[in-house]
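Architecture and fold: a report
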Amino acid sequence: MSPQLKNQLYELSVRLGDDALILGQRLCEWCGHAPSTEIDLTLSNLGLDLIGQARHFLTYAGELEGKGRDEDGLAFERDALDFKNCLLVEQPNGDFAQTIARHFLFSTWQLLFLEQLAQTNDETLRAIARKSIKEISYHASISAQWVIRLGDGTPESHDRMMNGLDWMWRFVDELFLVQEGIEDVCENIGLDLSSIENEWRNKVAATLKEATLDLPADRKGIFGGRVGHHSEHLGPLLSEMQSLPRTYNDANW
Amino acid sequence: MADIGDLSLWEVFIRTKGGLSHRHAGSVHAADKRMALEAARDTYTRRMEGVSIWVVPSSQVSASDPDEYDSFFEPAKDKIYRHPTFYPVPDEIKNM
């Protein structure tokens, strides 16, 4: 593989690792604050699944980069401008419905994406994808069920679910540009993303219909996460996540 | 934690591995059976404790009356011959 392709493969791994890392960190913010013990454990479980995936992607990225950075080096020693996650995952938790909206939109996309990644010819990415699919199938299912339960629940839960989707909707277009700027390596490993936007829109529409929710109105999408241009919400998340290893750089369990 | 409102209580039974019976693990709050299964999965099997889950609405459980303790349980106490304890269990037999 040429240095240029290898660099793009690093970039792809970082994008995927950062998606998982940042969303995992967001979900863990619920720990101790969720509406019930059961939901508290559910959200933390989802978060920890994602942190596990982030470790695999970032470890691989570190190997590709070849500068001696491991998963921790990449997670804790980069600044906001170097993070390549999509804007959707860094959006604030809001209320429970807003968190569910974000998770539903993202994990529905993530599952479709991983199914394609599992068919590429990059052995490591394929292995990570196959392992992650089992976890993300559950994420997509449980978040869709909550969308339906809240949407088709009380007037208040319906409104909150609608507001949550409305907040997140301007960040969905960016999901379908994950390969932007690294098209060469995507083609090289055989990553075919041509059908997932349609599939995603169909799945989301079907769930919202069952949830008696209207599809949010189309709006101008906001982009930038993949090149490090983030919303104001990422900085505070990173400072919390990174404060301990940056203060005590030899800290250990 | 906020008020969990109208969520009802469900009893959770976990089978720890194939061949063993489901055992009571605890309870969860949920609005329907799917939600109860998911809550049970996330609450009681996240450390690989189970291979199968049953959930049962707590309201469907009929329980013995503590006031009937004497007539229900006392008579068994002096009938030690009913216990299969007078032979050794081989070491290889687990889960007896």
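Residues numbered from 1 in each chain as written. Chains lettered and ligands numbered in written order. Predicted model: local features only at pLDDT ≥ 70, side-chain atom pairs only at ≥ 80, totals over all residues. Heavy atoms only, no water.

1. A few points about the overall build of chain B
What counts, and what does not: Numbering of helices and strands starts at the N terminus; helices are DSSP runs of H or I of at least 4 residues and strands are runs of E of at least 2. Only protein chains enter the accessibility calculation, which uses a 1.4 Å probe. A residue is then buried if its area is under 20% of the maximum for its type, exposed if over 50%, and partly exposed in between. Contacts are assigned to residue pairs with any non-hydrogen atoms lying within 4.5 Å of each other. Each accessible area is a Shrake-Rupley estimate made with a 1.4 Å probe; only the visible protein chains count as cover when residues are assessed. Asp and Glu count as negative and Lys and Arg as positive, but His and the ends of the chain are not part of the count. Every charge is mapped onto a representative atom, which is NZ of Lys, CZ of Arg, CG of Asp or CD of Glu.
Counting secondary structure elements, chain B contains two helices and three strands. Taken over 96 residues, chain B has a buried fraction of 19%. At a minimum sequence separation of 6, the contacts of chain B that also span at least 24 residues come to 43%. About 7,500 Å² of surface is accessible on chain B, with carbon and sulfur atoms providing 55% of the total. Each charge sign in chain B was given a centre, from 12 positive and 15 negative side chains, and these centres are 10 Å apart.

2. Focus on unusual backbone geometry
Of note in the backbone geometry, Thr 212 of chain A takes a positive phi value of approximately 55° without being a glycine. Mapped onto the fold, Thr 212 of chain A is located in the loop between helix H9 (196-210) and helix H10 (234-247). The class of Thr 212 of chain A is partly exposed, set by a relative accessible area of 41%. Not every positive phi belongs to a glycine, and Met 48 of chain B is a case in point at roughly 65°. For Met 48 of chain B, the location among the structural elements is in the loop between helix H1 (33-44) and strand S3 (52-57).

3. Looking at the pairing of strand S1 (residues 8-15) of chain B
Residue and element names in this part refer to chain B. Operational definition: Here, a strand pair is defined by DSSP locating no fewer than two bridges between the strands.
As judged from the seven bridges shared by S1 and strand S2 (residues 23-30), these two strands associate in the antiparallel manner. For Ile 14, the partnering residue across the bridge sits in S2 and is Arg 23. Two strands pair when backbone bridges link them, and S1 and S3 are joined in this way by six bridges, in the antiparallel orientation. Bridging from a neighbouring strand, Trp 10 pairs with Pro 57 of S3.

4. A look at empty space enclosed by the protein
Stated formally: In this analysis, the protein atoms alone were mapped onto a 1 Å grid. Cavities are point sets where a 1.4 Å probe fits without being able to get out; pockets are open sets with protein on both sides within 12 Å along at least five of seven lines; lining residues have an atom within 4 Å of a point. Grid points are joined across faces, edges and corners, and a volume is the space filled by probe spheres set on the points. Residue classes follow a fixed rule: Ala, Val, Leu, Ile, Met, Phe, Trp, Tyr, Cys and Pro count as nonpolar, while Asp, Glu, Lys and Arg count as charged, and any other residue, Gly among them, counts as polar.
Counted under the stated rule, the structure contains three cavities of 30 Å³ or more. Counted as a void, the largest cavity has a volume near 90 Å³. If you go around the largest cavity, the residues you meet are Ser 36, Glu 38, Ile 39, Thr 42, Ile 142, Trp 146 and Arg 149 of chain A together with Leu 7, His 29, Met 35, Glu 38 and Ala 39 of chain B. Every element with two or more residues in the lining of the largest cavity is listed here: helix H2 (37-65) and helix H6 (123-151) of chain A together with H1 of chain B. Its residues placed into classes, the lining of the largest cavity shows six nonpolar, three polar and three charged. Lining the second largest cavity, in full, are Leu 16, Asp 19, Phe 57, Phe 106, Trp 109, Gln 110, Phe 113 and Leu 114 of chain A. It is helix H5 (residues 96-117) of chain A that provides the largest number of residues to the lining of the second largest cavity, a total of five residues.

5. Points about the interface of chain B and chain A
So the rule is basically this: Simply put, the buried area is the total loss of 1.4 Å probe accessible area from both parts when two parts are fitted together. The salt bridge criterion pairs a side-chain nitrogen of Lys or Arg with a carboxyl oxygen of Asp or Glu, the two atoms within 4 Å.
With 14 residues of chain B at the interface, the matching set in chain A holds 16 residues. Together chain B and chain A conceal approximately 1,400 Å² of surface at their shared face, both sides included; 52% is due to carbon and sulfur atoms. Taken together, the links from chain B to chain A amount to one salt bridge. A salt bridge links Arg 149 of chain A to Asp 32 of chain B, with the nearest nitrogen and oxygen atoms 3.4 Å apart.

6. A look at the layout of surface pockets
Residues and elements named next belong to chain A. Its volume calculated, the largest pocket comes out at about 950 Å³. For the largest pocket, the lining is made up of 26 residues, of which Asp 72, Phe 76, Met 241, Pro 245 and Trp 253 are closest to its centre. When residues of the lining of the largest pocket are traced back to their parent elements, those giving at least two are helix H1 (3-28), H2, helix H3 (71-76) and H10. Here the element with the most residues in the lining of the largest pocket is H10; it accounts for six residues. Each residue belonging to the lining of the largest pocket can be placed in one class, and the counts come to 14 nonpolar, five polar and seven charged.

7. Looking at H10 of chain A
Helical periodicity: at 3.6 residues per turn, an α-helix aligns residues three or four positions apart in one direction. Residue and element names in this part refer to chain A. How we decide: Take the residue count of a helix, subtract one, and multiply by 1.5 Å to get its expected span. Two axes define the bend at a residue: one fitted to the seven residues ending there, one fitted to the seven starting there, and the bend is the angle between them.
Between the first and last C-alpha of H10 there are 19 Å, a value that for 14 residues agrees with the 20 Å anticipated at 1.5 Å per step. At Met 241, H10 shows its maximal kink, close to 40°; a proline, Pro 245, follows between one and four residues later. Where H10 is concerned, the buried positions are Leu 234, Leu 237, Leu 238, Met 241 and Gln 242. The secondary structure elements touched by the buried residues of H10 are H1, H3 and helix H4 (87-90).

8. Comments concerning a nonpolar patch on the surface
Residues and elements named next belong to chain B. For the record, the criterion: Patches draw on residues past 30% relative accessible area with no salt bridge. Two like charges within 9 Å are joined, as are two nonpolar side chains (Val, Leu, Ile, Met, Phe, Trp, Tyr) within 5 Å.
On the surface, Tyr 69, Phe 72 and Phe 73 cluster together to form a nonpolar patch covering roughly 300 Å² of accessible area. Within the secondary structure, Phe 73 sits in helix H2 (residues 69-73). Overall, the relative accessible area of 39% leaves Phe 73 in the partly exposed class.

9. Topic: the confidence of the model for chain B
Residue and element names in this part refer to chain B. Filter applied, for reference: pLDDT gives the predictor's per-residue confidence on a scale running from 0 to 100.
Per-residue pLDDT for chain B averages 88, and the proportion of residues at 70 or more is 94%. Of all secondary-structure elements in chain B, the lowest mean pLDDT belongs to H2, at 90, while S3 reaches the highest, 97. At the level of chain-chain contacts, confidence expressed as ipTM amounts to 0.77, with global pTM at 0.90.

10. Here we look at the nonpolar core
All names here are of chain A. As a reminder, the rule being used: The set of buried Ala, Val, Leu, Ile, Met, Phe, Trp, Tyr and Cys residues whose side-chain atoms join them within 4.5 Å is what this entry labels a nonpolar core.
Ranked by internal contacts, the top residues of the largest apolar core, which has 92 residues, are Leu 105, Trp 109, Phe 113, Leu 117, Met 161 and Trp 200. With 13 residues, H5 is the largest single contributor of residues to this core. Excluding anything up to four places from it in sequence, Leu 105 contacts Leu 88, Leu 165, Met 168, Trp 169, Val 172, Leu 175, Trp 200 and Val 204.

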